[in-house]
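Understanding the architecture of this molecule
Here is how the chains run, residue by residue.
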Amino acid sequence: MDTIKTFQELGVSEEILRALEKKGVGLPTKVQQEAIPPLLQWKDVIAKAPTGTGKTFAFGIPMIEHIDPSGNDLQALILAPTRELALQIGDELVGLLAFYKDIRVTVVYGGTSMQGQIKALQKHPHIVVATPGRLMDHYNRKNLRLDKIKTVILDEADRMLDMGFFDDVTKILNKIKNRVNLGLFSATISQEVMTVSWMYQRDEVEITVAPTEESKPDIDQYSITVGRLEKEDATLRILRSGALERVIVFCNTKAMCQRLSDDLKRAGLQAECLHGDIKQSVRERTMTAFRKGNLPILIATDVASRGIDVDDVDGVINYDVPDENEYYIHRIGRTGRARKKGISFTLIGSFPEKAKLDEIAKFSDFHITPMIFDEYGCLVPAPEEERHMPRRKF
């Protein structure tokens, strides 16, 4: 595989090459080099690759190459865990279709009206990108047929199955009787992903792309040890420093997310939150404002943040240390994108949180520098003897 240098050598069409050139895409990434040839040959693929390595093009290009635009059948399906990611994939596919005039793509997702999606499905798309629950809704209402689908892709398969979509996904796969190949793309290969692979894939091509120095985002990572009740004050200090124009703050729970958002607003900052209990229309407005740069501070839970694709996030604040190692990687990966330098701060308020962050650093091979606020309220490296937890204040 190391000898492959160009998309042309991977066997893609002239139309795709022109679309890639228009988008300014040069050489294929490792996951694209390894996934495109077997998918073009209709083989099953299970790929483990970090976020930001070009997975959408890795499955999108061969999917488009296989479409027969002369028919009206739905021929390919991509399942994604969140509305945000589904829309992002849809946009990427439309970009790849710049020089194809007859291939139609539709995105369907929950939390919004069915009517517009029904009208789009009545135009007979060749490719549908969907969240599992809404796809089942449309199928049960006979708004689409699954019997002519040849290719199925599960993107972010680990997160989708972790979020409770296992039953929906298996029901969907069971209904696609004429499927030729199945691609599973994931940052981690969880037990659920392995189960789906075992049940539905045959002679699958396994692809593993390890994080490289080149693919790792350029992010300065810091931890700040504060008293348990001082996290909000520390967050305000960072946000008011003026160093970060666009920030995502991550909390572990919906309740904490909402509370912090309300408190920051009361403190005079422009902030909004994103979590599962917020209406879809409000989430959509919030994300649009954040993408356009009209909202400087976004507070989110891990599930709600999936699919946030904004290239110029200046920094990330982990208000809570995440529960999973992979969550930390996904969180800080929101910054340091598009070859820009990023910064992340993780607030530590207890011994368990410090132990968890130490474990994350070891697991991910990250260097996280301990910091403290000095007497002037500026962040400085913590002295060696102070790199431990403070006694609990009562």
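Here goes a summary of the coordinates provided.

Reading guide: rules and limits
- Residues numbered from 1 in each chain as written.
- Predicted model: local features only at pLDDT ≥ 70, side-chain atom pairs only at ≥ 80, totals over all residues.
- Heavy atoms only, no water.
- Axes fitted to C-alpha atoms, helices over the stretch in contact; angles between N-to-C directions.
- Helix = DSSP H or I, 4+ residues; strand = E, 2+ residues; numbered from the N terminus.
- Parallel < 35°, antiparallel > 145°, perpendicular 65-115°, else oblique.
- Left-handed = near helix turned anticlockwise from the far one by under 90°.
- Contact = heavy atoms within 4.5 Å.
- Nonpolar A, V, L, I, M, F, W, Y, C, P; charged D, E, K, R; others polar.
- Patch = residues over 30% accessible without salt bridge, like charges linked within 9 Å, V, L, I, M, F, W, Y side chains within 5 Å.
- Areas by Shrake-Rupley, 256 points an atom, 1.4 Å probe, with all protein chains shown as cover.
- Salt bridge = Lys/Arg side-chain N within 4 Å of Asp/Glu carboxyl O.
- Lys, Arg positive; Asp, Glu negative; His and termini not counted.
- Charge placed at Lys NZ, Arg CZ, Asp CG, Glu CD.
- Phe/Tyr/Trp six-rings, centres within 6.5 Å; stacked < 30°, edge-to-face > 60°.
- Buried < 20%, exposed > 50% of the residue type's maximum accessible area, 1.4 Å probe, protein only.
- Lys NZ or Arg CZ within 6 Å of the ring centre and 35° of its normal.
- Pairing = 2+ DSSP bridges.

1. Some thoughts on the packing of helix 2 (residues 30-40) against helix 3 (residues 55-66)
Remark: helix 2 packs on helix 3, axes separated minimally by 8 Å, with the N-to-C direction vectors making an angle of 25 degrees. Classified by the angle their axes make, helix 2 and helix 3 are roughly parallel. Judged by the sense of rotation from one axis to the other, the crossing of helix 2 with helix 3 is right-handed. Between helix 2 and helix 3, the residues in contact are Val-31, Gln-32, Ala-35, Ile-36, Leu-39 and Leu-40 and Lys-55, Phe-57, Ala-58, Phe-59, Ile-61, Pro-62, Glu-65 and His-66, respectively. In terms of residue class, the contact of helix 2 with helix 3 is made up of 10 nonpolar, 2 polar and 2 charged.

2. Thoughts on a positive patch on the surface
On the surface, Arg-18, Lys-22, Lys-23 and Lys-101 cluster together to form a positively charged patch. With respect to the element layout, Arg-18 can be found in helix 1 (residues 14-22).

3. A closer look at the packing of aromatic side chains
Within the structure shown, the criterion is met by 3 aromatic pairs. For the pair Phe-59 and Phe-185, a centre-to-centre distance of 5.2 Å together with 65 degrees between the ring planes defines the contact as edge-to-face. On the criterion of sequence distance, the pair formed by Phe-59 in helix 3 and Phe-185 in strand 6 (residues 181-186) is long-range, its members being 126 residues apart. There is no split in this pair, since Phe-59 and Phe-185 are both buried. Ring centres 6.0 Å apart and planes at 50 degrees place the aromatic pair Tyr-328 and Phe-366 in the tilted group. Of this pair, Tyr-328 sits in helix 13 (residues 325-332) while Phe-366 sits in the loop between helix 14 (351-364) and strand 14 (368-373), and the two are 38 residues apart along the sequence. A residue is classified by how much of its surface remains accessible, and Tyr-328, at 0% relative accessible area, is buried. The ring of Tyr-109 has Arg-83 sitting right over it, with the charged end atom 5.2 Å from the ring centre. Geometry around Phe-373 places Arg-237 over its ring, the cationic atom sitting 4.8 Å from the centre.

4. Side note on the sheet that holds strand 5 (residues 151-155)
Across the sheet, 7 strands lie side by side as 3-4-2-5-6-1-7; this open sheet has parallel pairing. Because the sheet does not close on itself, it has two edges, and the strands there are strand 3 (105-108) and strand 7 (205-208). Pairwise comparison of adjacent strand axes, ignoring direction, gives a mean angle of 10 degrees for this sheet. As defined by bridge partners, strand 1 (residues 45-48) adjoins strand 7 across 4 bridges and the pair is classed as parallel. Bridge pairing in strand 7 places Ile-46 opposite Glu-206. Helix-sheet contacts for helix 4 (residues 83-96) involve strand 2 (76-79), strand 3, strand 4 (127-130) and strand 5, and the interaxial angle to strand 4 is about 155 degrees.

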